[in-house]
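# Results of the structural survey
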Amino acid sequence: MPDFRAYVRANLRLQRVSGAREAELVEEIALDLEERYRRLVRNGTDPEEAWRQIQNSNDWPMITRELSGALRPEVGSDWEPAKRFNLLLNLLNNFRFAARLLLRNRGFTVATVLTLSICLGANLSIFAVIDSILLRPLPFPDAKRLVTTVNSYPLSGSPHSAASLPNYYDYREKIKAFASTAIITRTSEYAIVGVTGSPRRVERDRVSPEFFGTLGVPLLLGRAFSDDEMVYSRSGVAVLTYEFWQSYFNGDPKVVGRTFQMDGSTTTVAGVLPKGFRFLSRHTQIYIPAASDPKERAVDQRHNNRFQLIARLAPGATLAAARTQVSALSGAQMKDDPFAAMLRADGFHALVNELHEDHVESIKPTLVLLQSGVLLLLVIGGVNVANLLLILASSRAKEVAIRQSLGDSQWEVARQALAETVLLTLIGGCGGLLTAAAGIRLLARLGVDQLPLGESVSFDWRTACVAFAGAAVLGVLIAVPVAGFHLRGRLVGAMQSETRGGTSSRSAQRLRHGFVFAQIALSFVLLSGAGLLGISLKHVLETSPGFQSEHLLAGQISLPYKKYPDPAAAQRLIDRLLNTLQAEPGITSAAITDLMPFGGDDDNGVTAVEGVGKDKSGTDSNYRNGIAGGYWRTMGIPLLEGRFLDDSDQERKRRVCVVDRAFAERYWPGRSALGHRVNNDGPIFKKDDAFTIVGVVAPVKQTGIDETKPLGTIYYPYEYWPSPEIAVVLQTPLTVEAIGPRLRQIVLQIDPDLPIDQVKLLDSLIDESMVTRRSTTVLAGTFATVALLLTVIGAYGVLSFAVGQRRREIGVRMAIGAAPQQVLSHFMTLGMKLLWGGIALGGLGAWMTSQAMQRLLFGVRGVPLGVLGTTVAVMATVVLMATFLPSYRASRISPMEALRED
Amino acid sequence: MAPLDHARKNGSAELLILAQLETRSRHGYEIASEIERRSGGSVSFQPASLYPVLYRMERQGWIAGRWVEKQGQRRRRYYRLTALGRAELAAQRSSWSEFLTGLRQTAGLQDA
């Protein structure tokens, strides 16, 4: 005979009850249990089984709670706490009871907490990215008032260009809505610093004097530039970042006025920026004045868009006012613009955008898509948890009914349900934080740092607050159906079901089925969305960049102006370099280019073509590439017509060029481009400076594999299209590790002040260009998989529960002649109904999603049948599997056992 | 509060218990098994639902509990109906009958 007294004493935890009273209670309940045990044994139950049944029939947390309530002193007695305090106590009680409930149903708790941790964690990870990139203001004072102006030529294929030097001088003077206006070079340049023999390249930007002031950043030491320093003769000054000051000058406090060698010229330190200063996503270490001569500020340079223009709105001025003023000014300037007709044809207008928004514009759709994806996942997870809670609630209907019969108000029942769900989601929120911490690390591996402002992505108190707020809201939302279920349940029905093994109410059943239906539909949307991204990525991966990226390696060199002031000097260096490289064992071929595909440069502009007006297609910009050495052979770009450029062109100073097929077909569709002539400076054709096309090559992708409209490229001999920023391209079977140091050595042998860096395989450059697409697909795939899993769990859980609830009914049916197949098909039909309904709704959602995603897809329109078919097949397979198991179990129910259970 | 409302809100547990104590005093387990027996098994009380109601009723003065030692038996706590309890039983009976009559008439229930 078990020791009932010990059993009761171990489980009953009453507070505020005297020892004697408690002993009496223990005694009384123990006796009761003992009597029940004896009766079971008398009726033929095995003693062990009887003891098990007794243990299972006792809900100790509830007994404790109910007894505490019953023994509570009357309101108004001496030690009744204040009402407010009482409410707090009640809440504490609710949570304590909820905690016991969760501890008791460990399997349930683990399943739901895991689900919530994963779903909340995924949301938090993506939210941390969105928060860092889209939501958090830029790290400048009153950053909302910072704007940027952009020259836009939508009809010439360049809707978002940049700004020019004349723009800066004009706006600075004439736009009253701008308190201050500044410019910075459009893309960072590289400067060479360090000593002879071990020089290094560092990022450098040219800025106007008000640049730091416009951003609202005071210098740590020294001063910003003055207007006097905006001419070349006086521009030998620099403002250093804190980090460069620390590393190069060891943080010398007297650094202002000191000089250092940059690009072979002596430069004086004017000031030092505060720690951590950074403009948007740049890695600039040195700022120098954006010096110019009067020619560069002339009217015909207004659309030479080499700068990014930023401005701070004047106090009281609005963005709209700034737009009106800038638009009016650019309209007025058309009167004296030598290119007015062409600008009108290009649809030119000047945009004024918020600086932050403008910077992150490109990544916004992807982030919004990802956040929508994880939100769907959270909904699916939340529905799963709600469903599991509803199932749990059904088995507790009796308990709740008794509580109500004992005087618990509706509010008290609802409050208890709320305490349970909120406690659960808050634990899930903690798990979510851990998951998100891991998620952020995963995102870093997926290349989130390459997004605009991506390096600032972090996990901080803001994210943690969102986690807990989100978890609490989710808890409240999930509590609604659970509380509703409890409050709608009928008292007598529920109390009677204690003995009758009753089935759950129809509305509760409908709710649970509705949840599974919704889950199937939502998972379908996620799955097909991931499929679309997958197909799209597959298309991208299958698309050739237009050159043989295998065994191709490139390194970057910056030629300082002082040493290489003219193209001839640069050409001499290039010739020596190429000769040495070609003689080097392990290098198959070598070339020089100023426009490395996938190198981050997308310099393009207007080319004048003899006898041709504005391009009919609306695009008249194209890439220009100055090359030397066997460029096309090295890159593996095939010749389609005519010939390549060669050394004799250079020796004889022939003004010849090669174009790609995209360019040739734009101007001479169906005809040969050979023999036609183009100009390389500006939109007006000048016969004397013309270049004759001698060859046509295959087009290459310049900025990304997913480029759909090739701009076209003209290749000039380097001397005629010189640039201080060049890339060395090598065809070599050697690895980067093997060739990199050798390449550096060779360059230093030729010029000990010339560093080469960013030595990389072209394959890895291509890979980097796909990082957003690849990561989005990987993430969407992961979310879809989790969603699928949750749906399976949901469908399985609901079906299993339905079978369990209806055991008795199934038993009766089978006892009166229903065949197992009929039972099987009954439950399978239920599963199928949910499946096909969910798929129909999900199909609609998938189509809508594909429309919304169109901008992010490559080579995919609508929802391809393949994606749709696969999604349906996957969905059907897993849901049917999840349905089959419980259905099969139902068909194996033995009528005798099912009936005997009552 | 109208008797009908009162009866519905508090449920039938108190009425059931009071009724078992009308003729003689009983201990907790006996009350539960008597209810189960008389209802033909359709209503049963587990300790969780029984004792809290008993203690509440005792506190309200409807029933009184007392530990009794009978010969050859263990010491048990017996509950008996107080005068207040008897009045309450009468009141609850009438309000429940009223309620059930109303229920029969409006919901078309049939007598068992």
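Analysis parameters
Residues numbered from 1 in each chain as written. Chains lettered and ligands numbered in written order. Predicted model: local features only at pLDDT ≥ 70, side-chain atom pairs only at ≥ 80, totals over all residues. Helix = DSSP H or I, 4+ residues; strand = E, 2+ residues; numbered from the N terminus. Rg over C-alpha atoms; globule rule 2.2 N^0.38 Å. Buried ≥ 20, exposed ≤ 12 C-beta atoms within 10 Å, placed from the backbone. Contact = placed C-beta atoms within 7 Å. Nonpolar A, V, L, I, M, F, W, Y, C, P; charged D, E, K, R; others polar. pLDDT = per-residue confidence, 0-100. Axes fitted to C-alpha atoms, helices over the stretch in contact; angles between N-to-C directions. Parallel < 35°, antiparallel > 145°, perpendicular 65-115°, else oblique. Left-handed = near helix turned anticlockwise from the far one by under 90°. Core = buried A, V, L, I, M, F, W, Y, C linked by C-beta atoms within 7 Å. Pairing = 2+ DSSP bridges.

### Digging into the overall build of chain A
When its secondary structure is counted, chain A shows 29 helices and 23 strands. Taken against the 2.2 N^0.38 rule, which gives 29 Å for 902 residues, the C-alpha radius of gyration of chain A at 37 Å runs more than 25% over that of a compact globule. Projecting the C-alpha coordinates of chain A onto the three principal axes gives extents of approximately 115 × 65 × 55 Å. When each of the 902 residues of chain A is scored for burial, the buried share is 42%.

### Concerning the overall build of chain B
Summing up its helical and strand segments, chain B has five helices and three strands in all. Starting at the N terminus and walking to the C terminus, you meet the elements of chain B as α-α-β-α-α-β-β-α. Within chain B, contacts between residues at least 6 apart in sequence are counted, and of these 51% link residues at least 24 apart.

### Regarding the interface of chain B and chain A
At the junction of the two partners, chain B supplies 21 residues and chain A supplies 25 residues. Elements represented by at least two residues in the side of chain B that touches chain A include exactly helix 3 (28–38), helix 4 (47–60) and strand 3 (76–81) of chain B. Of the residues contributing to the side of chain B that touches chain A, the split by class is nine nonpolar, eight polar and four charged.

### Describing the confidence of the model for chain B
Residues and elements named next belong to chain B. Residues of chain B with pLDDT of at least 70 account for 88%, and the chain-wide mean is 81. By mean pLDDT, the top-scoring element of chain B is strand 1 (residues 26–27) (92), and the lowest-scoring one is helix 1 (residues 3–10) (38). ipTM for the predicted complex: 0.86, alongside a pTM of 0.72.

### Quick look at the packing of helix 2 (residues 13–20) of chain B against helix 3 of chain B
Residue and element names in this part refer to chain B. Taken N-terminus to C-terminus, the directions of helix 2 and helix 3 make an angle of 105°; their axes are 10 Å apart at the nearest point. By the angle class used here, helix 2 and helix 3 are roughly perpendicular. From helix 2, L16, I17 and Q20 reach across to helix 3, where they touch I31, E34 and I35. Across the contact of helix 2 with helix 3, the residue classes tally to four nonpolar, one polar and one charged.

### Some words on the packing of helix 13 (residues 364–395) of chain A against helix 18 (residues 506–542) of chain A
Residues and elements named next belong to chain A. Running from N to C, helix 13 and helix 18 cross one another at 160°; their axes reach a closest spacing of 10 Å. Between helix 13 and helix 18, the angle is such that the two are roughly antiparallel. Helix 13 and helix 18 meet at a crossing whose hand is left-handed. Along its contact with helix 13, which presents G373, L376, L377, V379, I380, V383, N384, A386, N387, L390 and S394, the element helix 18 presents A508, L511, R512, F515, A518, Q519, L522, S523, V525, L526 and G529. For the contact of helix 13 with helix 18, the residue count by class is 14 nonpolar, seven polar and one charged.

### Regarding the nonpolar core
Residues and elements named next belong to chain A. Core analysis: the largest hydrophobic core is formed by 111 residues, its most contacted members being L377, V482, I520, L526, F783, A787 and A795. Residue contributions to this core peak at 18 residues, all from helix 18. Ignoring any residue separated from it by four or fewer positions in sequence, one finds V482 in contact with L389, L390, A393, A417 and T421. I574, I627, L711 and I726 belong to the second-largest nonpolar core, a separate cluster that totals 61 residues.

### Structural notes on the sheet that holds strand 3 of chain B
Residue and element names in this part refer to chain B. In space, the three strands of this open sheet follow the order 1-3-2, with antiparallel pairing throughout. The open sheet terminates on both sides in strands that have one partner only, identified here as strand 1 and strand 2 (63–68). As paired elements, strand 2 and strand 3 share six bridges and run antiparallel to each other. Directly across from I63, in strand 3, lies its bridge partner L81.

### Concerning the environment of A436(A)
Residues and elements named next belong to chain A. With respect to the element layout, A436 can be found in helix 15 (residues 410–445). Judged by the 27 C-beta atoms lying within 10 Å of it, A436 is buried. Residue contacts for A436: discarding those within four places in its chain leaves G121, L124, S125, A128, F459 and T463.

### Looking at the pairing of strand 16 (residues 621–629) of chain A
Residues and elements named next belong to chain A. The element strand 16 is extensively covered by neighbouring structure, given that eight of its nine residues are classed as buried. Strand direction decides the pairing type here: strand 13 (residues 589–593) and strand 16, joined by three bridges, are antiparallel. What sits directly across from T593, in strand 16, is I627. Inspection of the sheet shows strand 14 (residues 604–606) paired to strand 16 by three bridges, in the antiparallel sense. Residue pairing in the sheet places G605 in a bridge with N622 of strand 16. In the sheet, strand 16 pairs with strand 21 (residues 713–717) via five bridges, with the strands oriented parallel. Residue G626 lies in a different strand from strand 21, and its bridge partner there is Y716.

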